[in-house]
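Fold and contact review
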Amino acid sequence: MSRTKVQDALQMTEYGKQIVVKGWVRTRRGNKNVGFIALNDGSTIKNLQIVVDFAKIPEESIKAVTTGACIAAEGQLVKSEGKGQTVEVLANKIEVYGTADPESYPLQKKGHSMEYLREIAHLRPRTNTFGAVLRLRHNMAYAIHTYFHEHGFYYFHTPIITGSDCEGAGQMFSVTTQDLSKIKFDENGKVDYSDDFFGKPTSLTVSGQLEGELGATALGAIYTFGPTFRAENSNTPRHLAEFWMIEPEIAFMDLTELMDLEEDFVKYCVRWALDHCYDDLEFLNNMIDNSLIERLKGVVNTQFKRLPYTEGVKILEEAVKKGRKFEFPVYWGCDLASEHERYLVEEYFKCPVIMTDYPKEIKAFYMKQNTDGKTVQGTDVLFPQIGEIIGGSVREESYDKLMTRIEELHIPMKDMWWYLDTRRYGSCPHAGFGLGFERLMLFVTGMQNIRDVIPFPRTPKTAEF
Ligand code: 4AD
Ligand code: MG
């Protein structure tokens, strides 16, 4: 008999039908006449109840059916008398695939702390919370591909190993096949890479944007969706050393259209979660964050506030005058701290904010310069609870202006001739942004720490599993 998934079994109304279900035992309870097994196979947050009549299946024969064990249960689908489920299975056969010694099985029935679960990240996908998070993660990835496909974007694969650090978005991890105990140095005392795999220094990418621009200026509209690496020593609940980023890049797009796209795209993702993952959201709303669903609906239904940086700083300075305390000072030209961003989003506007037109000193060299000579057309999308979820900009398409900025900043461009060629040949106005996938996941799950929205997090001093 072929296996029925728990999710499908729970929808069935063909009472009396024989089915086989397979999965992991969440709990087992009962009395001396009958046993109740809560079975979960990952297809849904919900468990299927297996009823074992000890007159038919001796209790002794299912001693190994304990929390964590993997079993197959064959039996009759019946309407449930009990509370909390519509159907259950009256077992006539139970096969144990794998036992889980109750003495040592790390996942007990009682709730565990997120910190403890991080130490057993190899098993935490079997908990209700991580099951919900991981199903949502899949759904968000699917929503993202669907959105771009439906809007005429091509999925463009940018390299993970890169020979340039021009983006300057963060510290990089080196990639080498050199024997680190026998590093060769040249006559100037610099590492000699001539015998290294690529014959030059290489690293893991901090962003696919620069290559993405090559795609956009040929295909019109592309997006990347891949792993991204930053070697900063940031031990915050919002930073990973390895995260996934989505970077659309679009030819002929201006600042207003860019903001429209950012807003439409994140709303689409959040709406997708509400439309397709309600069981998991409901679980997380009950267990993790009581205002989750309300917050998601809020974002879908409100217009984001569009706010030039200069106005944002004025609002913050006013707040300080009225006695609002911040840890970090606010003044025109400062890089806003997350407390400032959250004040604007959570207290002042009470809605997501798209901040624009930042001082050029605090943004990347490639952002389009405004005619005021001071600001650039960068946009950050700021979300409640999260802070920055998206960073993007219109790109400077003028070769001369871009080169002037590169020289001002002393950016080493010798490996970047290919990027500059976009501005030398058929240069076009274009724009794009980067969404941190795990920041989106934090928002849609209500989880508090970014380490808990990716299966196996990479952070300073942590690369287990
Ligand atoms: O603002 P960032 O650094 O922008 C870029 O990398 C641009 N190249 C994007 C573009 O225009 N194509 O990063 C973009 C987003 C941030 O807004 C944040 O959501 C996420 O990536 N992010 C991180 N997420 C997790 N851990 C980290 N260490 C992150 N650094 C950035
Ligand atoms: Mg940023």
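All residue numbers here refer to positions counted from 1 along the written sequence of the relevant chain. A letter from A marks each chain and a number from 1 marks each ligand, given out in the order of writing. Thresholds applied to this predicted model are a pLDDT of at least 70 for local features of residues and 80 or more for the giving and counting of side-chain atom pairs; totals over whole chains, interfaces and linings are not thresholded and use all residues. Excluded from the side-chain calculation are hydrogens and water; included are all heavy atoms of the structure.

1. A look at the pairing of strand S16 (residues 430-436)
Whether a residue is buried, partly exposed or exposed follows from its accessible area with a 1.4 Å probe, protein chains only, as a fraction of its type maximum: under 20%, in between, or over 50%, in that order. Only DSSP runs of H or I with at least four residues qualify as helices, and only runs of E with at least two residues qualify as strands; both kinds are numbered from the N terminus onward. In terms of burial, S16 is a largely internal element, seven of the seven residues being buried. Side-chain alternation along S16 places His 430, Gly 432, Gly 434 and Gly 436 on one buried face and Ala 431, Phe 433 and Leu 435 on a second face that is also buried. Criterion used throughout: strands pair if DSSP finds at least two bridges between them. One ladder, built from five bridges, connects strand S11 (residues 242-251) with S16; its direction is antiparallel. Pairing of Ala 251 across the sheet is with His 430, part of S16.

2. Observations regarding the pattern of salt bridges
Basic side-chain nitrogens of Lys or Arg form a salt bridge, by our definition, when they fall within 4 Å of a carboxyl oxygen of Asp or Glu. Here the structure, examined in full by the defined rule, presents 24 salt bridges. With its nearest N and O atoms 3.6 Å apart, the salt bridge here joins Lys 63 to Glu 60. Of the charged contacts in the structure, one is a salt bridge between Asp 289 and Arg 295, with a shortest N-O distance of 2.7 Å. For the pair shown, Asp 289 and Arg 295 are each scored as buried. Among the charged side chains, a salt-bridge network with shared partners connects Glu 213, Glu 249, Arg 395 and Arg 423.

3. Considering the sheet that holds strand S9 (residues 202-204)
A sheet is described by the order of its strands in space; here three strands give the open sequence S7-S9-S8, paired in antiparallel fashion. Two strands close off the open sheet at either side, each with one partner strand: strand S7 (161-162) and strand S8 (174-175). Summarising the sheet, S7 and S9 pair through two bridges and their orientation is antiparallel. Counterpart to Thr 162 in the pairing with S9 is Ser 203.

4. Comments concerning the environment of Asn 31
Looking at the secondary structure, you find Asn 31 in the loop between strand S1 (18-30) and strand S2 (34-40). Using a relative accessible area of 43% as the deciding quantity, one classes Asn 31 as partly exposed. The spatial distance from the C-alpha of Asn 31 to the C-alpha of Ala 73 is 19 Å, given a sequence separation of 42 residues. At 2.8 Å, the side chain of Asn 31 and the backbone nitrogen of Asn 33 are in polar contact. Between N or O atoms, a polar contact is any pair within 3.5 Å; within protein, one atom must be a potential hydrogen donor and the other a potential acceptor, and residues adjacent in sequence are included only when both atoms are from side chains.

5. Some words on the sheet that holds strand S10 (residues 221-229)
Spatial strand order, S6-S10-S11-S16-S15-S14-S13-S12: eight strands in an open sheet with mixed pairing. Looking at which strands have only one partner, the edges of the open sheet turn out to be strand S6 (154-155) and strand S12 (305-308). Sheet topology places S12 next to strand S13 (residues 353-359); four bridges connect them, and they run parallel. Note on S13: the bridge partner recorded for Leu 307 is Met 355. Here, two residues are considered to be in contact whenever any of their heavy atoms come within 4.5 Å of each other. Fitted lines through C-alpha atoms give the axes, limited to the stretch in contact for helices. The angle between two N-to-C directions lies from 0 to 180 degrees. Helix H5 (residues 255-276) contacts S11, S12, S13, strand S14 (375-383), strand S15 (387-394) and S16 of the sheet and is inclined by roughly 30 degrees relative to S16.

6. Topic: helix H7 (residues 292-301)
When we look at burial in H7, the residues that qualify are Leu 292, Ile 293, Arg 295, Leu 296, Val 299 and Val 300. Considered in projection along H7, the buried side chains sweep an arc of 160 degrees and stay on one side of the axis. Seen from the buried face of H7, the exposed residues on the opposite side, beyond 90 degrees, are Glu 294 and Asn 301. The secondary structure elements touched by the buried residues of H7 are H5, helix H6 (278-287), S14 and helix H12 (437-445). The directions considered for the arc run from the helix axis to the C-beta atoms.

7. Considering unusual backbone geometry
Located in the positive-phi region is Lys 350, a residue other than glycine, with phi close to 55 degrees. If you trace the backbone, Lys 350 turns up in the loop between helix H9 (338-349) and S13. In this structure Lys 350 comes out as exposed when scored by relative accessible area, which is 62%. Residue Phe 465 is not a glycine yet carries a positive backbone phi of 65 degrees. Assignment of secondary structure puts Phe 465 in the segment after H12.

8. So, the domain arrangement of the protein chain
Here the protein chain is described as being made up of domain 1 (6-98) and domain 2 (124-171 + 206-452). Domains are outlined according to an automatic or database domain assignment. On a C-alpha basis, the centres of domain 1 and domain 2 stand 45 Å from each other. At the junction of the two partners, domain 1 supplies eight residues and domain 2 supplies eight residues. Note: buried area is the sum, over both parts, of the accessible area (probe 1.4 Å) each one loses when the two are combined. For the domain 1 face of the interface with domain 2, the top three residues by lost area are Trp 24, Arg 26 and Ile 45, together amounting to 69%. Across the contact surface, domain 1 and domain 2 share one salt bridge. As a salt-bridge pair, Lys 46 and Asp 279 come within 3.5 Å of each other at their nearest N and O atoms. Counting every contact that joins domain 1 to domain 2 gives four residue pairs in polar contact (both at pLDDT 80 or more). The class makeup of the residues in the side of domain 1 that touches domain 2 is two nonpolar, four polar and two charged. Amino acids outside the nonpolar list (Ala, Val, Leu, Ile, Met, Phe, Trp, Tyr, Cys, Pro) and the charged list (Asp, Glu, Lys, Arg) are all regarded as polar, and Gly is one of them.

9. Side note on H5
Compared with the 32 Å implied by 1.5 Å per residue over 22 residues, the 32 Å span of H5 between its first and last C-alpha is a close match. Measuring from the side-chain oxygen of the N-cap residue of H5 to the backbone nitrogen of Thr 256 gives 3.3 Å; that N-cap residue is Asp 254. Here the expected span of a helix is defined as 1.5 Å times the quantity of residues minus one.

10. Things to note about a nonpolar patch on the surface
Side chains of Ile 160, Ile 161, Phe 197 and Phe 198 sit close together on the surface and give an oily, nonpolar patch of about 390 Å² of accessible area. Locating Phe 197 in the fold gives a position in the loop between S8 and S9. Judged by its relative accessible area of 61%, Phe 197 falls in the exposed class. Residues enter a patch when their relative accessible area is above 30% and they make no salt bridge; the linking distance is 9 Å between like charges and 5 Å between nonpolar side chains (Val, Leu, Ile, Met, Phe, Trp, Tyr). Here the accessible surface of atoms and residues is derived via Shrake-Rupley with a 1.4 Å probe, and residues count as covered only by protein chains that are part of the display.

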